[in-house]
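Geometric and topological summary
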Amino acid sequence: MKYSEKMIKAAIALLLVSAASIGFARLEKQGPPEISIVAVGDFPSSDLALVKEKLAKFYKCKVSILPKIELPKSYKIKGMQRYSAIDIVRHLNRKFDGRNGKVIGLTQEDICTDRKLNGKINKNWGVIGLSLLGTKSCVVSNKRIRTNRQEKLEKTTIHEIGHSLGIPHCESNSKCLMADAKGKGSKIDSVLLWVCDDCKKKIKWQ
Ligand SMILES: [Zn+2]
Ligand SMILES: [Zn+2]
């Protein structure tokens, strides 16, 4: 009786140890929440520092600035001074595939994407930022930001990282930072530096 009790205890202990080590291995692989900022082409170092500070404050995580990368010329739209935002995001997704956390590319070039507005597709519509929901990377351009520069840069980078973290556009509150700008950069001024609880619940770091 005593012997079998010991065996059961040993078996339970072994189970606990293996469960703990599996959990630990998983945690080690994913790592703690982290955001990496990368300049895609030239980008002012003061703005990189600003974005680093604001993202760290908002998402309460480690934020690092990676060495600048080149913006591939092939992503330029023929006959326009605009680059394909989706090509840049896919490029970042490939390049930083093995990296922990999320990656945000910052560019001074004008970026665009095909955007459906009022039921009509607008080809190569100029945007400030683009993210593919729940993927590794997103991109923000400062080209179209003219007024309230610092605040717009802060809100746009938080918004795009929000999409990367799995939050779709907010339907609950028009003041939420995750509300759709509906193709208008000026809309950014009317949202608060705040994400509603419905949106916060959707955050997934992996
Ligand atoms: Zn959005
Ligand atoms: Zn919301």
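These notes cover the structure that comes with them. (Residues numbered from 1 in each chain as written. Chains lettered and ligands numbered in written order. Predicted model: local features only at pLDDT ≥ 70, side-chain atom pairs only at ≥ 80, totals over all residues.)

Looking now at the overall build of the protein. If you tally the helices and strands in the protein, you get 5 helices and 8 strands. Overall, the protein shows an N-to-C arrangement of helices and strands of α-β-α-β-β-α-β-β-β-β-β-α-α. Counting across all 206 residues of the protein, residues that qualify as buried make up 33%. Sequence-distant contacts in the protein: of pairs separated by 6 or more residues, those separated by 24 or more amount to 66%. (Helix = DSSP H or I, 4+ residues; strand = E, 2+ residues; numbered from the N terminus. Buried ≥ 20, exposed ≤ 12 C-beta atoms within 10 Å, placed from the backbone. Contact = placed C-beta atoms within 7 Å.)

With that settled, the discussion passes to the pairing of strand 2 (residues 62-69). Direction of pairing for strand 1 (residues 34-40) relative to strand 2: parallel, over a ladder of 6 bridges. Each residue of the ladder has a partner; that of valine 38, found in strand 2, is leucine 66. Considered for its hand, the β-α-β crossover made up of strand 1, helix 2 (residues 45-59) and strand 2 is right-handed. (Pairing = 2+ DSSP bridges. Right-handed = clockwise from strand over helix to strand, strands pointing away.)

Once that is clear, we can look at helix 4 (residues 149-164). For helix 4, built from 16 residues, the straight-helix expectation of 22 Å at 1.5 Å per residue is met to within 8% by its first-to-last C-alpha distance of 23 Å. Immediately downstream of helix 4, the backbone of glycine 166 shows phi near 100°, a positive value. (Expected span 1.5 Å × (residues − 1).)

What follows covers the sheet that holds strand 5 (residues 111-117). The strand order 3-5-6 describes an open sheet built from 3 strands, whose pairing is mixed. Two strands lie at the open edges of the sheet, namely strand 3 (83-84) and strand 6 (120-127), each paired on one side alone.

Right, let's talk about the pairing of strand 6 for a bit. Regular strands place their side chains on alternate faces of the sheet. The pairing of strand 5 with strand 6 spans 6 bridges and is classified as antiparallel. Considered in strand 6, the bridge of threonine 113 is made with tryptophan 125. Count of turn residues in the strand 5/strand 6 antiparallel hairpin: 2 residues, of which asparagine 118 carries a positive phi of about 50°.

Ordered in space as 2-1-4-8-7, the 5 strands form an open sheet in which the pairing is mixed. Across the chains shown, the open sheet's two edge strands, defined by having one partner strand only, are strand 2 and strand 7 (129-131). Averaged over neighbouring strand pairs, the angle between their axes works out to 20° when direction is ignored. Strands in contact with helix 2 are strand 1, strand 2 and strand 4 (102-107); relative to strand 1, the strand with the most contacts, it is inclined by about 160°. Along the sheet, helix 3 (residues 85-95) makes contact with strand 1, strand 4, strand 7 and strand 8 (137-141), crossing strand 8 at roughly 135°. (Axes fitted to C-alpha atoms, helices over the stretch in contact; angles between N-to-C directions.)

Coordinates in, geometry out; function isn't part of it.
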